[in-house]
Amino acid sequence: MAVERTLSIIKPDAVAKNVIGKIYARFEEAGLQIVAARMMHLSEEQAGEFYAVHKERPFYGDLVSFMTSGPVIVQVLEGENAIAAHRDVMGATNPAEAAPGTIRADFATSIDENACHGSDAPETAAQEIEFFFGKDGVCPRTR
Ligand code: RTP
Ligand code: MG
């Protein structure tokens, strides 16, 4: 298995519920290391560009408006098979279908307000990491 990086966002609903630390613990328990992190309140332009792949979908407007409704925490997670490992700890997109013990099962409210985002493939992970952290904004562990 290869060491990978993935882009993770704790969405406005979970920040508002004050469960950032609980979600970080889930990442650490899954063997994922935080190698970059930033709290920010996304502009409509940033959220729209980040989710541009969903532009034609009926939920796009609601998604952009939700993602700009409050601050988020954006982080880069590193570890073995990090993209899939992160999606495993997040659970299914719809919290009603998320396995017990996953972040979405425990902290999400609905399919729209579903607590977290995770990259879905190596190419999108690389793009999303550069979108938020540029080419040199990640701090690999030295020990
Ligand atoms: P994400 O990108 O946020 O990690 O979530 P995902 O891969 O599990 O889901 P994706 O298909 O990429 O959809 C992005 C976000 O759009 C919202 N969504 N709403 N109402 C709906 O049918 C619907 N479908 C998707 C969710 O907030 C989802 O996380
Ligand atoms: Mg997605």
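Residues numbered from 1 in each chain as written. Chains lettered and ligands numbered in written order. Predicted model: local features only at pLDDT ≥ 70, side-chain atom pairs only at ≥ 80, totals over all residues. Heavy atoms only, no water.

- As annotated in an unreviewed UniProt entry, the protein chain carries the name Nucleoside diphosphate kinase and is attributed to Arenicella chitinivorans.
- Listed under Subunit (unreviewed entry) in UniProt, the entry text for the protein chain is "Homotetramer." (UniProt positions renumbered as here; feature names shortened; annotations may be inferred.)

Quick word on the overall build of the protein chain
- Looking only at helices and strands, the protein chain has 7 helices and 4 strands in total.
- The N-to-C order of helical and strand elements in the protein chain reads β-α-α-β-α-α-β-α-α-β-α.
- In summary, the protein chain has a C-alpha radius of gyration of 14 Å against a globular reference of 15 Å for 143 residues, a match within 12%.
- When burial is assessed residue by residue, the protein chain has 45% of its 143 residues classed as buried.
- Here the contacts in the protein chain between residues at least 6 apart in sequence split such that 77% fall between residues at least 24 apart.
- Roughly 7600 Å² of accessible area belongs to the protein chain as shown, and the carbon and sulfur atoms make up 50% of that amount.
- Averaging the coordinates of the 13 positive side-chain charges in the protein chain and doing the same for the 21 negative ones gives two points 5 Å apart. (Helix = DSSP H or I, 4+ residues; strand = E, 2+ residues; numbered from the N terminus. Rg over C-alpha atoms; globule rule 2.2 N^0.38 Å. Buried < 20%, exposed > 50% of the residue type's maximum accessible area, 1.4 Å probe, protein only. Contact = heavy atoms within 4.5 Å. Areas by Shrake-Rupley, 256 points an atom, 1.4 Å probe, with all protein chains shown as cover. Lys, Arg positive; Asp, Glu negative; His and termini not counted. Charge placed at Lys NZ, Arg CZ, Asp CG, Glu CD.)

As for the sheet that holds strand E2 (residues 33-40)
- One open sheet accounts for 4 strands, arranged E2-E3-E1-E4; its pairing is antiparallel. Each having just a single partner strand, E2 and strand E4 (116-118) make up the two edges of the open sheet. Strand-to-strand, the axes of this sheet are offset by a mean angle of 20°, without reference to chain direction.
- In the sheet, E2 pairs with strand E3 (residues 72-80) via 7 bridges, with the strands oriented antiparallel. Looking at E3, one finds that Arg38 is bridged to Val74.
- Sitting on the sheet, helix H2 (residues 20-29) is in contact with strand E1 (3-10), E2 and E3, with an inclination near 15° to E3. (Pairing = 2+ DSSP bridges. Axes fitted to C-alpha atoms, helices over the stretch in contact; angles between N-to-C directions.)

Considering the environment of Ile83
- Residue position: Ile83 is located in helix H5 (residues 82-90).
- For Ile83, a relative accessible area of 7% gives the class buried.
- In the structure, Ile83 is positioned 51 residues away from Leu32 in sequence and 9.9 Å away in space, judged by C-alpha atoms.
- Setting aside chain neighbours within four positions, we find Ile83 in contact with Glu4, Arg5, Thr6, Ser119, Asp120, Ala121, Pro122 and Ala125.

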